Protein chains: 2
Amino acid sequence: MNNPLIQDLIDRYVNVSFQVHKKAESLIKAELGNDLTNDQHYVLSYIRKASGCTSTELADAFDVNKSAITAIISRMADRGLIERTRDVNDRRVVYLTLTGAGEELFRACQEKVHQLVESIITKFDETEITTFINTYEKLAQILDNKKKDELGE
Amino acid sequence: MNNPLIQDLIDRYVNVSFQVHKKAESLIKAELGNDLTNDQHYVLSYIRKASGCTSTELADAFDVNKSAITAIISRMADRGLIERTRDVNDRRVVYLTLTGAGEELFRACQEKVHQLVESIITKFDETEITTFINTYEKLAQILDNKKKDELGE
DNA sequence: TGATATTAGTTTAATCATTGAACTATTCAC
DNA sequence: GTGAATAGTTCAATGATTAAACTAATATCA
C-alpha cells in the first residue's frame, strides 16, 4: 500500500515507540539502581502475580529462549530472591516462587516505579490517559494474536 | 497519594507497556533475523536521519554510556555498515555516516519493519490510532523533560 | 604564553542477557 | 517396554552495558 497518511502514521509510531521505550527503560533503571536489572524486575513482577509458574511459562511470556530464563532465575536464586521447587508428581517441572527477601525487594522497587509512573500519568487528564491505555491494551492483544498466528503457520 | 483509580491506571500502564514492549521487540527481531540486532537497527535508523551525528549525540538519544555506543558502532563499522570520519577542525570529534552497504541493509530491514507495523496499525481505525500516537508523542515529550529535570538537579 | 580544565572518544574488565546445540532426567504414547 | 516428547540445564559464543582509566585534542584564564 502507498497511502501516504498510513506511511506517516507508521513513521510516527516507529519513532515514538522507540523513544518512549528507551527513555522509560532508562528512568526505571535509575529507580531500580543496583538492586535489580530491568529484566529481573519484570521477572519478579511476573512471578509475584503468577506464583508457582514455570520457566517455560516465563519464556513464553517474555518471548525468549528457555535458557535465557534459566540464567536470569539462577542469578536471582543465587541471591536468595527466588526459590525453585520440583513438582512431586512430574519431576521434570520446577515451580518458581518469591522468597521473603524477593517479595520485600520487589515491594520496595515497585513502590519507586509506581511513584515514577504516577508522576508521569498525572500529567494527562483522566480521559486522555484512559483512552490511551485502552488502545494500548488493544495493541497488546493484537501483538499477542500476531505472535500466535506466526507460530500457527 | 491513594486514589485507587490512579493506582489502577498505574497498574494497567505498567503491565501493558511491559507486554507491548516485549512483544514488539520480539516481532521486530523476527523481521530483522540475523542481519541486525534491534539495537543496531535503532542505531542505523538514527544515523540515517541524523547523518554525520556524533557518538555523544547517540549516547544522549539512547540514554546509554558512551562506551556502549563505541561498542555498537565498532561492531557495525567492522561489518562495513558505518563509517567514522574525524572532524578536521576539532580532531576529537568523530562523525558517523552510513556506508552504501549500511544504507542498503537499513532500507531492506526498514521495509520489513514498516510492513509489520502497517499490518498492526491498520487494525485500528484512523481516529483511534491518531489519538493514540498523539498521546504517545506527548508521553515521549514528558519523559524527555523528566530526564532533563533529573540531570538539572 | 603556559598550566590546568574540559571534552570526545576508546579501551579494558566485569556483568548481564540471549541464542542454539547438546545434554539429563522424566514422562507419554502405542 | 521402547521410542518420542517435554522440562529444564549446561556450554560456548555473541551482544549490550557500565565504571574507571586512558589518549588526544581543545578551552580557559592567570
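Everything that follows concerns the structure shown earlier in this document.
The sections below set out a description of the structure shown in this document. The model shown is predicted, which means the values in this text are computed figures rather than measured ones.

## Considering the protein's contact with DNA strand C
- Close contacts around DNA strand C come from 25 residues, with Thr37(A), Asn65(A), Arg75(A), Thr56(B) and Arg84(B) the closest.
- Taking the atoms of DNA strand C that fall within 4 Å of the protein, sugar and phosphate contribute 71% of them.
- Within the contact set of DNA strand C, a base nitrogen lies 3.1 Å away from a side-chain nitrogen or oxygen of Lys66(B).
- The side chain of Arg92(B) places a nitrogen or oxygen atom 3.0 Å from a base oxygen of DNA strand C.
- Contributions of two or more residues to the surface near DNA strand C are made by helix H2 (38-49) and helix H4 (66-78) of chain A together with helix H3 (55-62) and helix H4 (66-78) of chain B.
- In terms of residue count, H4(A) provides more of the surface near DNA strand C than any other element does, five residues in total.
- A breakdown of the residues in the surface near DNA strand C according to their chemical character gives six nonpolar, ten polar and nine charged.

## With respect to unusual backbone geometry
- Here Asp63(A), not a glycine, exhibits a phi torsion of approximately 60 degrees, which is positive.
- Along the chain, Asp63(A) turns up in the loop between helix H3 (55-62) and H4.

## So, the relation of the copies chain B and chain A
- Under the fitted operation, chain B is carried onto chain A by 0.0 Å of movement along the axis and a turn of 180 degrees, and the coordinates agree to an RMSD of 0.0 Å. The transformation relating the two chain copies, once decomposed into turn and shift, fits a two-fold axis. For chain B, the minimum C-alpha distance to the rotation axis belongs to Phe132(B) and amounts to 2.9 Å.

## A short note on the protein's contact with DNA strand D
- The environment of DNA strand D is made up of 26 residues, and the closest members are Thr56(A), Arg84(A), Thr37(B), Asn65(B) and Arg75(B).
- Among the atoms of DNA strand D lying within 4 Å of the protein, the sugar-phosphate backbone contributes 72%.
- Between a phosphate oxygen of DNA strand D and a main-chain N or O atom of Val94(A), the distance comes to 3.0 Å.
- Measuring from a phosphate oxygen of DNA strand D, one finds a backbone N or O atom of Asn65(B) at 2.7 Å.
- Elements supplying a minimum of two residues to the surface near DNA strand D: helix H1 (4-32), H3 and H4 of chain A together with helix H2 (38-49) and H4 of chain B.
- Per-element tally for the surface near DNA strand D: the top contributor is H4(B), with five residues.
- When its residues are assigned to classes, the surface near DNA strand D shows six nonpolar, ten polar and ten charged.

The rules behind these values
- Residues numbered from 1 in each chain as written.
- Chains lettered and ligands numbered in written order.
- Predicted model: local features only at pLDDT ≥ 70, side-chain atom pairs only at ≥ 80, totals over all residues.
- Heavy atoms only, no water.
- Near = heavy atom within 4 Å.
- Polar contact = N/O pair within 3.5 Å; in protein donor to acceptor, adjacent residues only side chain to side chain.
- Helix = DSSP H or I, 4+ residues; strand = E, 2+ residues; numbered from the N terminus.
- Nonpolar A, V, L, I, M, F, W, Y, C, P; charged D, E, K, R; others polar.
- Least-squares fit on C-alpha atoms with pLDDT ≥ 70 in both.

These values are about where atoms sit, not about what they do.
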